[in-house]
Amino acid sequence: MAETEKTIRLEVITPDASVLHKDVDFILVRALDGDLGIMPNHAPLIASLDIWPLFYDEQGQRSCITVTSGFLEVSNNTVTIITPAAETPENIDVERAEAAKERAEKRLHVKSQDIDVHRAELALQRALRRIETVEKYGR
Ligand code: ATP
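Figured I'd write up the structure that's included with this text. Bear in mind the structure is a predicted one, so any value in this text is a computation, not a measurement.

Right, let's talk about the sheet that holds strand 3 (residues 26–31) for a bit. Strand order in the open sheet made by the five strands is 4-3-6-7-10, with antiparallel pairing throughout. Strands at the two margins of the open sheet, each flanked by one partner only, are strand 4 (34–38) and strand 10 (86–87). Examined bridge by bridge, strand 3 and strand 4 share five bridges and lie antiparallel to one another. Following the sheet pairing, Leu28 is matched in strand 4 by Gly37.

Around the ligand, the surrounding shell consists of Asp16, Ala85, Glu87, Asn91, Ile92, Asp93, Arg96, Ala97, Arg103, Arg126 and Arg130. Residue Asp93 places a main-chain N or O atom 2.8 Å away from a nitrogen atom belonging to the ligand. A distance of 2.6 Å separates an oxygen atom of the ligand from a polar side-chain atom of Arg126. Relative to its unbound accessible area of 590 Å², the ligand is 67% covered by the protein chains.

Position of Thr14 relative to the elements: it lies in the loop between strand 1 (8–13) and strand 2 (18–24). Ignoring sequence-local partners within four residues, the contact set of Thr14 consists of Val19, Thr83, Pro84, Ala85 and Ala86.

The description of an aromatic ring pair uses the distance of the two centres, along with the angle that the planes make with each other. The final tally for this structure, using the stated rule, is one aromatic pair. A ring pair is formed by Phe55 and Tyr137, whose centres lie 4.9 Å apart and whose planes are at 75 degrees; its orientation type is edge-to-face. With Phe55 in strand 6 (residues 51–58) and Tyr137 in helix 2 (residues 117–137), the pair connects residues that are 82 residues apart, well separated along the chain. Over the ring of Trp52 we find Arg30, and its NZ or CZ is 4.0 Å from the ring centre.

Right, let's talk about the pairing of strand 2 for a bit. The sheet contact formed by strand 1 and strand 2 spans six bridges and is antiparallel. Paired with Leu10 across the bridge in strand 2 is Lys22. The hairpin turn running from strand 1 into strand 2, its antiparallel successor, is four residues long.

What counts and how
Residues numbered from 1 in each chain as written. Predicted model: local features only at pLDDT ≥ 70, side-chain atom pairs only at ≥ 80, totals over all residues. Heavy atoms only, no water. Pairing = 2+ DSSP bridges. Helix = DSSP H or I, 4+ residues; strand = E, 2+ residues; numbered from the N terminus. Near = heavy atom within 4 Å. Polar contact = N/O pair within 3.5 Å; in protein donor to acceptor, adjacent residues only side chain to side chain. Areas by Shrake-Rupley, 256 points an atom, 1.4 Å probe, with all protein chains shown as cover. Contact = heavy atoms within 4.5 Å. Phe/Tyr/Trp six-rings, centres within 6.5 Å; stacked < 30°, edge-to-face > 60°. Lys NZ or Arg CZ within 6 Å of the ring centre and 35° of its normal.

Here it is as structure tokens:
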């Protein structure tokens, strides 16, 4: 019988850096087709991610990191998240996110043919999730 582990490795990687690498008890992440709860010894899996906060529990304490899409692979008791950008609450610049939100809202409001609506919607989602992450989970 395969050995069972009490924790699972969480790796969050962006093009700029390895943002997080921890052994955790539980991970909750929003995939494009719904929420995924991942415990140690989870079966292999690949999923595309939404722009959403990812939660992880470590020795009874819940923490959060916002991931801005990308994908997740579960393999060999390791969850690897590859995402364009990821920020913990303390690393989020709220003023910058508020400015990005206003910019995106203005673009969506104008609805000119020069505006890439999908791009503006994604920018708005990133800004909203960053603001929400600090408001709800910043310590
Ligand atoms: P902005 O228009 O403010 O650049 P954006 O959503 O277009 O926002 P991204 O392309 O998602 O930005 O991210 C580019 C880089 O900037 C990433 O490294 C990301 O972590 C960082 N970043 C973006 N917004 C913030 C923020 N509000 N606070 C801290 N880091 C941020």
